[in-house]
Structure formats: C-alpha cells, structure tokens
Amino acid sequence: MNDYLFGISHNCAIIALFIQIFHTKVQQKMHKISLKDWVILLTIVPTIIISLLVAGYLSYSRYSELDQFIYQRANSIISPLAISSAEPLLEKKRDSLRTLIGFSHRSQSDIIKSIAIFTKDNQVFVTSAYHGDTHTLRIKAGQNLPKRIQYDDYDDYLIYRAPIIDEFTTQTTNSALEMNIIGYIAIQIDKSTIKYAQQQLLITVFFILLAGFIISAWFAYKLINSVTRPISSMVLAIDRIREGKIESRISGQLVGELNFLKNGVNAMAQSLGDYQDEMQRSIDQATIDLRESLEQFEIQNVELDIAKRKAQDANKVKSEFLANMSHELRTPLNGVIGFTRQVLKTPLSDTQRDHLQTIERSAASLLSIINDILDFSKLDAGKMIIENIPFSIRESIEETLTLLAPSAHKKNIELSLRVSPQLPDTLIGDAMRIKQVMVNLASNAIKFTDKGSVDINLEGNVIGKNLYKIRVTVQDTGIGISNQQQNSIFEAFGQGDKSVTRIYGGTGLGLVISQRLVSEMHGGIGFESVENEGSTFWFTFQCELNTIPTVQLSTPESLSGKAILYYELHAASRLATSEILASWQMKITCISKRSEMDIILADKKMLSSFDFALIGHDVTPSALNDVKKFVFTLKDIIPSIHLAINSNSPSLHEALISSGAKTCISKPITLQRLSKTLSPTTTPEINSLIEVSEQKVPIKVLAVDDNEANLKLINELLLEQVHDVTTATDGAQAVELCRHEKFALIFMDIQMPVLDGISALSIIRQQTLNEHTPIIAVTAHVFGEEKDKLLENGFNSFITKPIDEAMLHHSIYEYCDSTLLAYRPELVTPSPVAIRSSRPKIIDWKLALQRAGQKKMLAKDMFVGLVNSLPESKANISEALISQDIEQLKVLIHKLNGACCYSGVPSLGKVTHELETELKRGIGLDDLQPEFFEFFEQIDLVLEDAEVFITKLENQS
C-alpha cells in the first residue's frame, strides 16, 4: 500500500512539474509558438492531463478496495476460529483443534499459508502446517498476549493474531477479562494474490491511457492537416503580396471560417492593388506640384540671397561703426593716459602725484569699460582666450581695490580686504580676467551700498597637485536684491528693474561677462541676497601653483617683536589687518570698542610700552574730532602713530599728519601699503623685472627661431640664466646640431622655413642624441586646441611670445636636471610682475626694456626694426586682403605678431594676436573687418608716434 501511495504521489509531482514547465514556456515563448503547436497544446495536452487524473483516481480507488478486501477476509476467518478454539483448548483436545484449523486452512488456502494455536505461555499447541514457520507466528518475547484482533504487515504476508478467551469462566467468576485468556490463534495471510491483482490493474490502466493518447494524437493530426495547411498557404500568399505581387490570390474551397478568411485575404489583396494604383496617380500629381514648388523655392532663394547681402552690408556698416567709435573713443583716452604718464615723469609733490595717478587709473578704467562690449561679443562667440602667466594674487587684488577705493570713500563706506594667510601668493593664471571680475563685483557692491561696508575675502584650497581653487567673496550692506530681480540678474543688458537702471545706471553687462569669464577659468559664480539688508556675491576660479616662485611677500624684519596698538571698529577690517600684523610676528593689542580705547588712553604706563599705534577710523564731521583727540593723546607717548581712514583727500591727510600723526593712509589697508607705512625703508619699489644673482645654471641650451630679432632676444635672456646658448635659424639646422651635440634644454619655434618646429621635434626624438631632451615650444600665438596639439606631438611645454623672463626662468628650473639645480640662485629683489588693469600704451618703452632684458640698445634696435618694417607689412597685408589670399595673410600676420612681441607696442601686438587667432579658427575675412580696421589704425598710431619717440631715445642716449 505504501509503495502504491508513493508511486501515485511521484506521478502527481511529475504532472505538477510538467504543468509548471509548460506554463513557464508558454509565458516566455508564446510569441514563438506556431499554430501547429497550439493545436497540439490545446488537444493532446488537456487529454493527457484529464486521462491521468481520471485513471489515477480510479486506480487508487480499486487499489484501496483490494487492500481492504484482504484485511476484511482475514478478520472473517480468524474471529470464528478464536471462538471455536476456546473449549477444545481448555479440554486439551488437539485432534479437534487440528481438524478445525486444518479445514479452515484448506478452505482458504488461496490466501492462508499457516494457522497456529498458542497456549497462554506462548507455546505452540497445534498448527495446520507441520513445516510452517511457527516462529514467525509466535509473539516476540517480552510482549503481552493480544487482547483483541491485531496484525503485523510485512512485504509479502500479514500475521493476524486473536486472543482465545474462556467465556464460561468469565461469566461465572465475573473477574477481569485478561485473566481468562487461555491462548491465542495466529494466521499467516499471503499477499501475493492481491499484489498480482493490483499489478494487473496498473497494467490495464496504462494500456487504456496509451490507447487514449494514440486516439487523441490521431485526432490532433487530422485537425492539423485540416487547419494548418490552408493557413500555411494563406501565409505564403500574404508574403507574396507583401513583396509587391498584388495579383497573388488564395485558391481552393476551404472549410468554415477558413473559407471566410480566404475570401478576406483575397479582398485585401484586391484593395491593395486598387490603393497602389491610386497612390501612383497621387505620386504623379505630387511630382508635378513639387516641380512647381521648387520653382517657387528658387525664386525665394534668390530673394533670400538678396536679403542676406543686405544684412551683410548692414553688418559691415555696424562693424565699421564699432571700429570708428572705438577709434574715436580710444584716441582721446590714449592722449589723456599718455600725457598723464609724461607729467608723472616730472618732479611732483606727493599730492600732485597721487592726483595724476588717480587720473591715470580712472582713464584706464574707462578704456577698459569701452572694451567690455568687445569682450562680451568674444565670449558670446567662444573666442575669449584665458592666459596662464605667473602673477601675484595679492598685488592684483590690492591694485584693483586701490582703483575702486575713491568711489567707496566718497560714499563714506568702509572698504576692507582680507586675504587668507594660507593662500600662496605666486600663482599661474590670467590675472587681468580675475581683476576684471573683481572690479565688476566690487564696483556693483559699492554702487548699490549707501551706508555700511563692503567686505572682500579671499580663500583657497588645494584640489589637485599644484592646483588651487580660489574663492572670492564680496559682501555688502546695500539695498539687496528682491526675489523677482534675482531670476534675471545674470541676463545680458538687464538689471533688476527700471527704477534701478534710472537711479544707479549701468549697462547690465558686468555680471554676464563675469559669469562667462569664471566659467572659462573652470569656476562658478553665485550670490545670496536679502532685500534691504545686503548681498553676498562670490566667484571661484582655478589657478596653478607656481612651483618656482619668482615673487616673495614683503616681510619687514625690523617689525618683528614690535608692539603695536591697533584700534578699529569694523570687524572685517580688524581681522584682515590683524592677520597681516601677526604674520610679521608683531605684538598686537587690538581694540574694537571706544570704551576699551578710553581705558587704554587713561593708562600712560601701558601706552609707553607700544612702539606703534595704528588708528582705523571714519572721517565723518563728528568722528574727525575723535581721531584728532586720539592723535593728540598718543603723540607724546607712542613714537610712531599711523592713521587709516576711508578718504583719499590729500588735504585731509595733511591736516591729520599736522595734528601729530606720522602717516595717514587710505583704506583698505593692504599688505604693501601697511609695510611701506610701518617700515618704509624695508619695502623696495616694485620692479617689473626679476633680478637674480650672477650665478648661472651650468647647462647648454639650444634656441631655434627664424626671426633674427626674436633669436637675438631669447639668446640674451638665456645667457643671463645659463652658461652656454647655441642658436639655429630653422628646424633643419637645429636637427643637424642635435645630431652632433647633446643639449640640456631646447627652445623651439613652431613656424619656420625649410623645416617647421613640429617636424624638427619628430626627427630630434628619433634620430639624434637628444631623444630625451626636454623641448619647449616657443610661438607668438597659440590657443586652446593648438596647446593640446603641441603637447600631443611631444613638446614638454610651451611659452608664448613675448617671452616673459618669469616664464623662461620657470621653464629652465622645471625641466632641467635636478642635479644641476642643487645650488639654485636666490632671488635678490623679488617683486611681482606688474599686471595693470588698464590697456597698454601705443608705445610702452618700459615693456620694451622688459622684453629685452633691460638692454636699452637691444630694445631700441628691435623697435626701430619694427617701425621700419611696418609700411611694407601694411602694404603686403592690404594686398593680401584685396586678393582674399588667406594663407598669405596668415604668414604675414604671424610674422608681424612675432615682431610685435618684443618691441613695446602692446596695442598693436594685441590686435595682431587676435587676428591670428581668428584666422586660425577659420573665421571669414568679412567677419574680421572690424579687427582689420583696428589693426590698420594701430599701425598708423605707432608710425605717428614713432618718430618723436625715437628722437627722444636718441637724445637720452
């Protein structure tokens, strides 16, 4: 029975697994099942499942009935025998018992194998089979006699046992029943007959199922033949129709719905044929209409071409207007700046010099504002070039705020500057653009602030190897920006609203230009503002750290350990100045309240301990008396009293100095200004050149350039820093030199006759002794894409013309063998290269001297050579313009650009550089007309001033 149940459960599990697999396959591959497969699935599979379920149920029922039959028959045999055996067993009548059980055995011999009667003490009393296994029938030792009929089930037989009870004794004595069990009878039942019947049942069911499966498969096959074949013929017909054979039809008489489907496919084919004919007629009509439309388009194209030419003519007029206005505005401004600088060369009082310097800075600022429109257009077109040159971040910011300070002082606004002491001073970046953004934000803060303060803070952090990210914050206490205005504040030519434009003025370009400039410098810009409370603008930019510093911060050693009394009400100014004083290791006593100052003023003994007093104060009419009172009280006790006020008025400065102060400076307090004030003898004047010791690097350098003046200059500049310099005038000559001699460093021009710089580099790397020698590209013009290309071609780095001594110094010490630089010379008078916010002069002799390494004769020769070549260059460029020869223009402009780099003509050099950039970018000559107008204008201005300038040089010599 257990085997049968196990077999049934195993079959059910197989069926369940088959159903699950079938369901999964149907879900995953339903789109891949054909109609034939569907017929099989919907006919055979349900038949199999139903047949298995019915057969399993009926088989299980019959199987159970056979088992129950043998159990019932065994009970019916043993019960009468147990009752009939009681009396003979009591009377010990073996023969009667043997006759009784023998008859029973013979009559039920088909299922009984043996019958035995055991006494109460488990001994065999009589058995029906003399050779039977009585041991199997006997109760095991230790077991009690059976109290009722029970059986043991084995694989091939059953053992039934029933107690033999003395019923008479039970009725008379009325004692417990178990005391009257006088023995038991055991019968061994054979199960082989029942098992044979069960096996026959399973075999019969199997063949019935198999017959059912075969019949179902036969019917499925018939259904497939009657359905799938017609459908296959329909599919072939539809494929032919899809391929364009519209005349294809399905023939033959089909059954039922298939016949309707055949008729529908044929009707569809007929409709497609009719539609194709109609579509062809429509195409023919559309072709006719298209020809007519093309004729109209040709007419419109002609009209558009005429309109385009008119627009180009209007654009030319606009460009000419911008160029003419630029000339008309720049000419008087250049005159103002030029004559102001000429007057500055004459003996002047400090007040006069300060006034003239203010005029110069204001005129330069105005000139810079005029060019903001051009900057905006360049940024809009993606033509703005961000330079990477060494500069001093502190000097640049201080110079910017010095320019803006008078406007803040005029409104009696506190202007403060704080530069984090951890921020390095010598960086590599575009100082002019940084200052331009700084001017825009700071001037806006001053413009929209009527009272309070404008505080500027600079901080930086390292974001990579030798890479700094600097954050500049400009915080004011002005009118703030409303939520509505904040949404449009970075839009071009727009401000908050009409009232702001009317009251405060401005073009609305400053923030737009600033936003795009900081984006070009890999930074960002943003702000926070509360209306009527103030605004905080910030911008970030990235700069490289100059690993070979050419600038050092002024650190007056004479101030170390000195005690200073510092009084300042404004917190931001107090923090910034205190950090500067602390960096000089001075002993600072900081006073932030008037009450604290009064306590110190009353203590004469304490006042005598100070070496300096620095009083920061505003100069309102009510506060001026307090300042004079402080000076009067301190002048006889503290030897050196210095004032810092928010005013540039020379008369006010003189009045305060006459009251007892040693000096009076204008806010904001900067490092250079404070150093010069407290220790005037230790702060050297700013020099535009880097003066190094006489010690030179013991290396041999190769310089290659086809321009004689450029080669002469780079030779002179290199000889100041290295022991030996070899020159070559073209790439082929350089390759020949490199085959016979090894150099420590090579400076290579790019555009040269015979063999250009890139080709020369390739040969040097592969076929000479200098395959590992660092090679620096030197070019008068290079923009973003060209820089990457130069580095990809194998150049270690590049420097641009005009060659800056700081960059040359940087390249030598970066790429030379470190063992040769173990004794690197110290800087004697290190000072930052002055980066001015104004536009250069027409002729800048100071710049020419700088480019020539302070060699006057060399600078004069290069300038005279440029002036002499300008008429011919102008004629050749004009001729190339007329003939539209772009390649010749590139050569001529590049040559002139290289010459301008060393001749002290910054304005001409700038516009020449811009023209070469645009030509290399593929900009058309029509679009460059404004630049060429300015280019020829600058040539005329240089020629106009050159004669007087050369005469002046000759008189000085």
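Preceding this paragraph is the structure being described.
Overview of the structure. (Residues numbered from 1 in each chain as written. Predicted model: local features only at pLDDT ≥ 70, side-chain atom pairs only at ≥ 80, totals over all residues. Heavy atoms only, no water.)

**Description of the sheet that holds strand β20 (residues 745-749)**
The strands making up a sheet associate through backbone hydrogen bonding, with each pair oriented either parallel or antiparallel. Filter applied, for reference: Strands are labelled as partners when DSSP assigns at least two bridges between them. Each helix corresponds to a stretch of at least 4 residues labelled H or I by DSSP, and each strand to a stretch of at least 2 residues labelled E; elements are numbered beginning at the N terminus. Angles run from 0 to 180 degrees between N-to-C directions of axes, and those axes are lines fitted to C-alpha atoms, restricted for helices to the stretch in contact. Any two residues having at least one pair of non-hydrogen atoms within 4.5 Å are treated as being in contact.
Ordered in space as β19-β18-β20-β21-β22, the five strands form an open sheet in which the pairing is parallel. Sheet topology places β19 (722-728) and β22 (797-800) at the edges, where each strand pairs with a single neighbour. Strand-to-strand twist of the sheet, defined as the mean angle between neighbouring strand axes without regard to direction, takes the value 25 degrees. Alignment of strand β18 (residues 697-704) against β20, held across four bridges, turns out to be parallel. Bridge assignment links valine 701 to a residue of β20, and that residue is leucine 745. Set on the sheet, helix α24 (residues 757-767) makes contact with β20 and β21 (775-779); between it and β20 the angle comes to about 150 degrees.

**A short note on the packing of aromatic side chains**
To be explicit about the condition: Geometry of aromatic contacts follows a simple scheme: Phe, Tyr and Trp rings, the Trp one being its six-membered ring, pair when their centres are within 6.5 Å, and the pair is stacked under 30 degrees between planes, edge-to-face over 60, tilted otherwise. Note on exposure labels: buried denotes an accessible area under 20% of the residue type's maximum, exposed denotes more than 50%, and partly exposed covers the range between, all computed with a 1.4 Å probe on protein chains only.
Applying the stated criterion to the full structure yields 13 aromatic pairs. An angle of 75 degrees between the planes, with centres 5.5 Å apart, marks the rings of phenylalanine 206 and phenylalanine 207 as edge-to-face. Per residue, the accessibility class of phenylalanine 206 equals that of phenylalanine 207, and both read exposed. Ring geometry for phenylalanine 863 against phenylalanine 949: centres 5.5 Å apart, planes inclined by 70 degrees, an arrangement best described as edge-to-face.

**A few points about a negative patch on the surface**
Convention followed: Nonpolar side chains (Val, Leu, Ile, Met, Phe, Trp, Tyr) within 5 Å and like charges within 9 Å form the patches, drawn only from residues with over 30% relative accessible area and no salt bridge. Using a 1.4 Å probe, accessible areas were evaluated by the Shrake-Rupley method; residue-level cover was limited to the displayed protein chains. By convention in these notes, a salt bridge is any Lys or Arg side-chain nitrogen within 4 Å of a carboxyl oxygen on Asp or Glu. Two residue types count as positive, namely Lys and Arg, and two as negative, namely Asp and Glu; His and chain ends fall outside the count. We put the charge of a Lys on NZ, of an Arg on CZ, of an Asp on CG and of a Glu on CD.
Negative charge collects at one region of the surface, where Asp289, Glu292, Glu295 and Glu298 lie side by side. Inspection of the secondary structure puts glutamate 295 in helix α8 (residues 257-344).

**Considering helix α20 (residues 650-658)**
The line we're drawing: Directions pointing from the helix axis toward each C-beta atom define the arc.
Turning to α20, its buried residues are Pro650, Leu652, His653 and Leu656. The buried residues of α20 occupy an angular sector of 160 degrees when projected down its axis, which confines them to one face. In this structure, α20 carries Ser651 and Ser658 as exposed residues pointing more than 90 degrees from its buried face. Glycine 660, located one to two residues past α20, shows a positive phi value of around 135 degrees.

**Regarding the sheet that holds strand β13 (residues 563-567)**
Taken together, the five strands give an open sheet; going across it, the order is β14-β13-β15-β16-β17, and neighbouring strands pair in parallel fashion. The open sheet terminates on both sides in strands that have one partner only, identified here as β14 (587-591) and β17 (663-666). The mean inter-strand angle of the sheet, taken between neighbouring strand axes irrespective of direction, is 20 degrees. Relative to strand β15 (residues 612-617), β13 runs parallel, the two being bridged by four bridges. What sits directly across from leucine 565, in β15, is alanine 613. Strands in contact with α20 are β16 (640-645) and β17; relative to β17, the strand with the most contacts, it is inclined by about 150 degrees. Sheet strands in contact with helix α21 (residues 671-678) are β13, β15, β16 and β17, and its direction is about 175 degrees off that of β17.

**Some remarks on the packing of helix α11 (residues 393-410) against helix α12 (residues 431-447)**
Under the convention used in this document: Note on terminology: angles under 35 degrees are roughly parallel, angles over 145 are roughly antiparallel, angles of 65 to 115 are roughly perpendicular, and the others are oblique. Put simply, a crossing is left-handed when the front helix is turned counterclockwise from the back one by less than a right angle, and right-handed when it is turned clockwise. Throughout, the ten residues Ala, Val, Leu, Ile, Met, Phe, Trp, Tyr, Cys and Pro are labelled nonpolar, Asp, Glu, Lys and Arg are labelled charged, and all others, Gly among them, are labelled polar.
At a closest axis distance of 10 Å, the pairing of α11 and α12 adopts a crossing angle of 25 degrees. Considered as vectors, α11 and α12 are oriented roughly parallel to each other. Between α11 and α12 lies a crossing whose hand is right-handed. Along its contact with α11, which presents Ser396, Ile397, Glu399, Thr400, Leu401, Leu404, Ser407 and Ala408, the element α12 presents Ala431, Lys435, Met438, Val439, Ala442, Ser443 and Ile446. Along the lines of polarity and charge, the residues of the contact of α11 with α12 split into nine nonpolar, four polar and two charged.

**A few points about the pairing of strand β1 (residues 112-119)**
A large share of β1 lies buried, amounting to seven of its eight residues. In the sheet, β1 pairs with strand β5 (residues 181-190) via seven bridges, with the strands oriented antiparallel. Counted as the bridge partner of isoleucine 115 is isoleucine 187 from β5. When β1 meets strand β2 (residues 124-127), the two strands line up antiparallel, connected through three bridges. Across the sheet, isoleucine 117 pairs through a bridge with valine 126, a residue of β2. Here β1 folds back onto β2 in antiparallel fashion, the turn holding four residues, of which asparagine 122 has a positive phi close to 65 degrees.

**Some details on the pattern of salt bridges**
Throughout the structure, instances matching the rule amount to 24 salt bridges. With a shortest N-O distance of 3.2 Å, arginine 98 and aspartate 95 are connected by a salt bridge. Of the two residues, arginine 98 and aspartate 95 are both situated in helix α4 (residues 94-107); the distance of three residues between them amounts to about one turn of the helix. Residue classification places arginine 98 among the partly exposed positions, given a relative accessible area of 28%. A salt bridge links aspartate 305 to arginine 309; its shortest N-O distance comes to 3.3 Å. Of the two residues, aspartate 305 and arginine 309 both sit in helix α8, four residues apart, roughly one turn of that helix.

Just distances and angles here, no functional claims.
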